[in-house]
Amino acid sequence: MQTKIAPSILSADFSVMGETVKKLEACGADLIHCDVMDGSFVDPITFGGQMIKNIRPLTKLPLDAHLMIEHPKTQIKFFAEAGADIITVHYKACKKISDTYLEETLKLIKSYGLKCGAVVNPDVPVENIFPVFPLCDMVLLMSVYPGYGGQKFIPEVLDKIEKAREYAKFIGRPEMDIEIDGGVTLDNAAQIRVAGANVLVAGSAVFNAPDMSAAIDGLRK
Ligand code: DX5
Ligand code: ZN
């Protein structure tokens with residue numbers, strides 16, 4: 001399977017975001033990963049739909065909106081209208097509302113014609129989202145606790161990647177996108193790919209590199 005690299009603009013300089021997004025496309029990024037944080041589900045606040053709307057005309061790359069927010073269902077309309085291509089929502093944020101909220105939110109995302117995905121934190125078994133795998137275009141396994149860039153990769157997630165890939169095959173979706181987010185570096189990217197992930201989010205590994213293009217290439221190969 002082809003590996004896709006999704007640089008996280010959380011690590012970018014927000015004052016020159018437009019230029020950065022164009023540069024990421026020129027450097028070979030496959031998706032633009034947009035970390036939306038609400039100051040409640042996670043402590044920091046980053047940006048909302050306005051950022052997506054502003055960068056939308058500047059790139060042809062899919063915008064991958066990772067919603068680290070409470071009550072995600074109430075926000076889907078805004079991110080869809082802003083121009084997101086993929087929206088992922090956290091299992092934990094949904095589960096605390098009701099047992100059916102995750103499924104309802106994924107269906108709502110799809111009703112806008114967008115790709116959808118469920119996200120699990122490092123301490124949540126991937127089996128918890130098996131019931132929604134058939135609805136998901138992508139599953140996102142966090143390899144750090146969400147909230148901040150620049151954290152260390154939690155290696156226990158490698159087992160979860162294998163389980164997720166096996167289950168995707170079992171349900172007849174061998175090519176399903178499995179995305180890893182947090183602490184991805186040139187040193188661990190190969191292991192992550194071998195375990196079965198095909199979408200790698202990278203914040204620091206891309207933005208702190210002397211050459212973004214070489215970093216993106218390196219993560220992919
Ligand atoms: C963490 C975010 C990640 C983060 C990745 O809450 O979801 O996307 O920005 O940054 P690095 O690659 O630096 O861990
Ligand atoms: Zn993210």
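Here's a quick rundown of the structure. (Residues numbered from 1 in each chain as written. Chains lettered and ligands numbered in written order. Predicted model: local features only at pLDDT ≥ 70, side-chain atom pairs only at ≥ 80, totals over all residues. Heavy atoms only, no water.)

### Notes on the side chain of T59
Now for step 1: Here T59 shows up in the loop between helix 2 (49-55) and strand 3 (63-68).
Now for step 2: A polar side-chain atom of T59 sits 2.4 Å from a polar atom in the side chain of E25.
Now for step 3: In this structure, T59 is in contact with V21 and E25, ignoring residues within four places of it in sequence. (Helix = DSSP H or I, 4+ residues; strand = E, 2+ residues; numbered from the N terminus. Polar contact = N/O pair within 3.5 Å; in protein donor to acceptor, adjacent residues only side chain to side chain. Contact = heavy atoms within 4.5 Å.)

### Re the site of ligand 1
Now for step 1: The full set close to ligand 1 counts 20 residues, and D35, G147, D181, G203 and S204 are the nearest of them.
Now for step 2: G150 is positioned with one of its backbone polar atoms (N or O) 2.8 Å from an oxygen atom of ligand 1.
Now for step 3: Contacts to ligand 1 include D181, whose side-chain N or O atom sits 2.6 Å from an oxygen atom.
Now for step 4: Counting only elements with at least two residues in the shell around ligand 1, the list comes to strand 2 (32-37), strand 3 and strand 8 (199-202).
Now for step 5: Here the shell around ligand 1 is composed, by residue class, of eight nonpolar, ten polar and two charged. (Near = heavy atom within 4 Å. Nonpolar A, V, L, I, M, F, W, Y, C, P; charged D, E, K, R; others polar.)

### A short note on the side chain of E179
Now for step 1: Note that E179 resides in strand 7 (residues 177-181).
Now for step 2: Despite its burial, E179 pairs with no opposite charge; the closest candidate is K4, at 9.1 Å N-O.
Now for step 3: Not counting residues within four places of it along the chain, the set of residues in contact with E179 comprises A6, L31, H33, D64, M138, V139, L140, L141, V199 and V201. (Buried < 20%, exposed > 50% of the residue type's maximum accessible area, 1.4 Å probe, protein only. Lys, Arg positive; Asp, Glu negative; His and termini not counted. Salt bridge = Lys/Arg side-chain N within 4 Å of Asp/Glu carboxyl O.)

### Section: the coordination of the zinc ion (ligand 2)
Reference values for coordination geometry: four tetrahedral donors around a metal ideally subtend 109.5 degrees, six octahedral donors ideally subtend 90 or 180 degrees.
Now for step 1: The protein atoms donating to the zinc ion (ligand 2) are H33 (NE2), D35 (OD), H66 (ND1) and D181 (OD), with metal-donor distances spanning 2.0 to 2.3 Å.
Now for step 2: For the zinc ion (ligand 2), the six donor atoms in the first shell make angles of 68 to 169° at the metal, a pattern classed as octahedral.
Now for step 3: Sequence spacing of the donor residues for the zinc ion (ligand 2), all on one chain, is H-x1-D-x30-H-x114-D. Of this pair, D35 sits in strand 2 while H66 sits in strand 3, and the two are 31 residues apart along the sequence. (Donors = N, O, S within 2.8 Å, 3.2 Å for Na, K, Ca; no water. Tetrahedral: all angles 85-135°; square planar, octahedral: opposite > 155°, others 65-115°.)

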